[in-house]
Amino acid sequence: MEHVDVIDSVCTYCGVGCDISASVKENKIIDISAHPEGVVSQGNLCVKGKYGYAFLDAHDRLKTPRIRKRFLEDNPKIYDAIALHVKPLDETWSEVSLEGATTAAAMKLQEIQKKYGSKSICSIGGARTSCESSYLLQKFTRQTLGSPHVDNCARICHAPSLKGMRTTIGEGAATNPYNDIYNAEFMIVFGSNTTEAHPIIANRIVDVAGKHDNLAVFDVREITLHRFAKYKGIIPHEANLLVLNMMAYVIITEELYNEHFLADRTKGFESFKEKILNDPYANPAYFEKLEGYESLSKLIPKVAREYALKKSMIFWGLGVTEHIDGSYAVMAITHLALMTGNIGKPGAGLMPLRGQNNVQGACDMGMLPYYDPDYQTPKEIGLMTPQLVDEMLDGRIKAVINMGEDLTHVHPNSNKVNHALDQVEFLMVQELFMTDIAKRADIVIGVKSAYEKTGVYVNAMRRLHLSQPLVTSDLPDDWEVIKLVENKLGGNYTYENSKQIWDEVREVAYRRFSGASYNRLERHRIRGLQWPVHTEDTPILHQLDFRTEDGYGEFHYHQYELRGMVQELVEKNLTGYYLTTGRTLAQYNNASQTSRCDKLHKRYDETVLFVHEDDAKDFTSDRVMLKTAFGQSAPISIKFTDKIKPKTLFCTFHHGKAGINRLFGDRSDVFTLTAAFKSIKVEIMNDEDSRDSF
Ligand code: SF4
């Protein structure tokens, strides 16, 4: 009988972090299923977890590093140093050994450092690789290169959750384990298409809502979760803060707040209360003026009452964070928990649904310009990615190290980002495939995927999972590439394996990870451990104190700013179309992995624009292009539906060729510069009348 190994690990896709069991024969994965005892997956995986492994053996996997021929021509000294390692590949690229690639990278970084100074270099990425690699990239950038400029893709997703939660309760992470959904008496899901983006969490929500009819869902369009909701909130674009402040208003005016909790655990409530009561937008009756949304004036008080009087949890996604007031909206969410005491106990808490498999870990590791590992203050605060893009355009950033983040695809204003990258002297990319950004690089180094290496990943409930290789690979891990470059810059990294790096993390980031040794993580691979991990781990945060300096939860009121669709509705002048974007179940991020898995790709192989049936008169061709002041999409197929409000459009961003992110400019969250991906007014160009201009 042929030998099949069964190896346990963690899914490489979304922030849910499901426990998987892979069947492996002759170093090939033949099946992935949920670990039968997995506390996260609970015996189920979504299609990505089940079928999303074929990319490992894709014919175009980056096996050998590449160096741009033009780069070699422009840098003759580097070419001389590595000539023996270089072999022409095609018109644009030569293949190069890892030794040659890292020598070239070190020489170029040194030259740029000398010529323009350390701060002309930045590093971006880390949310899709292990904690060990994220940690080492920020350490290398800050300490070896001397640049404070590090960032990761939390910049375009949950940086506002970090900001909003740290400001009010001192910690920017989910407060409870997912299984507390079974202890909750009431749940609110806000701006999260959970069944598509975090399906295994959605399973729990649906299960509980089905039994207890205790779910409220708010979104700008009808999503699957609405079917299971007692309160089905469809709200106008950019109305999150408006709705959340209205809930606070109801809780205050009806005196539904928890006086003991407010007195013992919080400060600033009296001033917050006064401001909310004087807020011209906070009375839910305001919605009576908005045609098509009038029912919200009755629905919001009902939701606020149930939330306040029951043990409740709030879940949110990028529908909350990716707006100009994303951080303020997160603060408004935490205000609700602080007023009602719905935090710090089983079945009550706050759950930001982090997107990528290790975006929580990358932030914990200090891959942010304003935090060192463990959220300590760095010696010098660096720039956020949008600011770095501006610095590239202005000629002050000259070199970019990009580790597993497709900056030119998933960030906003793609035309601007591409133009900015054209200005830099050196771009190095560590990737699995020739993604959009890899195609622009001077050096591209193929690295191990998550299924080929050992490392720690932190999921959306702060759960650490020690991943182990399902198959072996000769490719380097991300951290090994960094180590090689560092050594060639005269450094002294001697790490032989990821464990040695993790042991250092446990010392540097001891407040969260001191007790999380590999040994212990191995022993608890099924249960996982939720940080902070010392003698025990911490499934529920904030039980006695908040993690602010003085232990009190704080209120930080901000008034909703009238704009966009709400303003047009109030003025009875709704014109044009508002686009919102999001994920679909079968694809992930820039689709570099999922599009190489046939079983996934055939489920969703092109971008589709969802349009309300009543708007059909404006869509006279089969495909349309969308246009804004910042750019134009490629032609996109249309699907008419009644699941979306008139004048609202929805599409995904996974397929680069649709060019959706060209439409978005620099409009972003006021604190974190997180792109306002969830609402933009677009012009419709039917394919027949816009063909010439495309
Ligand atoms: S829900 Fe997320 S972590 Fe779980 S199987 Fe699906 S993609 Fe993987």
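Keep in mind the model is a prediction, meaning the values are calculated, not measured. (Residues numbered from 1 in each chain as written. Predicted model: local features only at pLDDT ≥ 70, side-chain atom pairs only at ≥ 80, totals over all residues. Heavy atoms only, no water.)

## Examining empty space enclosed by the protein
Okay, so step 1: Summed over the entire model, instances satisfying the criterion amount to 4 cavities of 30 Å³ or more.
Okay, so step 2: Looking at the largest cavity, its volume works out to about 600 Å³.
Okay, so step 3: Along the wall of the largest cavity there are 37 residues; nearest its centre are Leu318, Glu322, Thr581, Gly582 and Lys678.
Okay, so step 4: Every element with two or more residues in the lining of the largest cavity is listed here: strand 10 (215–219), helix 13 (318–321) and strand 22 (577–582).
Okay, so step 5: Per-element accounting of the lining of the largest cavity gives the leading share, 3 residues, to strand 22.
Okay, so step 6: Residues that form the lining of the largest cavity fall into these classes: 15 nonpolar, 16 polar and 6 charged.
Okay, so step 7: Here the lining of the largest cavity spans two domains, and each of domain 3 (159–352) and domain 4 (564–690) adds at least three residues to it.
Okay, so step 8: The volume enclosed by the second largest cavity comes to roughly 180 Å³. (1 Å grid on protein atoms, 1.4 Å probe; cavity = no way out; pocket = protein on both sides within 12 Å on 5 of 7 lines; lining within 4 Å. Points joined across faces, edges and corners; volume = space filled by probe spheres on them. Helix = DSSP H or I, 4+ residues; strand = E, 2+ residues; numbered from the N terminus. Nonpolar A, V, L, I, M, F, W, Y, C, P; charged D, E, K, R; others polar. Domains from an automatic or database assignment.)

## Thoughts on the sheet that holds strand 1 (residues 5–10)
Okay, so step 1: On the basis of which strands lie adjacent, the open sheet formed by 3 strands has the order 1-2-3 and antiparallel pairing. On the outer flanks of this sheet lie strand 1 and strand 3 (28–34), each paired with one strand and no other. Between one strand and the next, the sheet's axes are offset by a mean angle of 30°, whatever the strand orientation.
Okay, so step 2: By the bridge criterion, 6 bridges tie strand 1 to strand 2 (residues 19–25) in an arrangement that is antiparallel. Among the inter-strand pairings, aspartate 8 is bridged to a residue of strand 2, identified as serine 21. (Pairing = 2+ DSSP bridges. Axes fitted to C-alpha atoms, helices over the stretch in contact; angles between N-to-C directions.)

## Some points on the domain arrangement of the protein
Okay, so step 1: Each assigned domain of the protein is listed here: domain 1 (5–57), domain 2 (66–152 + 359–448 + 475–505), domain 3 (159–352) and domain 4 (564–690).
Okay, so step 2: Each of domain 2 and domain 4 has a C-alpha centre, and the two are 31 Å apart.
Okay, so step 3: In this complex, domain 2 contributes 18 residues to the contact, which on the side of domain 4 involves 22 residues.
Okay, so step 4: Between domain 2 and domain 4, the buried area comes to about 1,700 Å², and carbon and sulfur atoms account for 53% of it. (Contact = heavy atoms within 4.5 Å. Buried area = accessible area lost by both parts, 1.4 Å probe.)

## Focus: the packing of aromatic side chains
Here the distance between the centres and the angle between the planes together describe a pair of aromatic rings.
Okay, so step 1: Across all of its chains, the model carries 21 aromatic pairs by this definition.
Okay, so step 2: A ring pair is formed by tyrosine 577 and phenylalanine 619, whose centres lie 5.4 Å apart and whose planes are at 80°; its orientation type is edge-to-face. With a gap of 42 residues between them, tyrosine 577 in strand 22 and phenylalanine 619 in the loop between strand 23 (608–612) and strand 24 (623–628) connect regions that are remote in the sequence.
Okay, so step 3: Overall, tyrosine 577 belongs to the buried group, its relative accessible area being 4%.
Okay, so step 4: Among the aromatic side chains, those forming a connected cluster through ring pairs are Tyr257, Phe269, Phe272, Phe555 and Tyr557.
Okay, so step 5: Arginine 462 extends its terminal NZ or CZ atom over the ring of tryptophan 531, reaching a point 5.7 Å from the ring centre. (Phe/Tyr/Trp six-rings, centres within 6.5 Å; stacked < 30°, edge-to-face > 60°. Buried < 20%, exposed > 50% of the residue type's maximum accessible area, 1.4 Å probe, protein only. Lys NZ or Arg CZ within 6 Å of the ring centre and 35° of its normal.)

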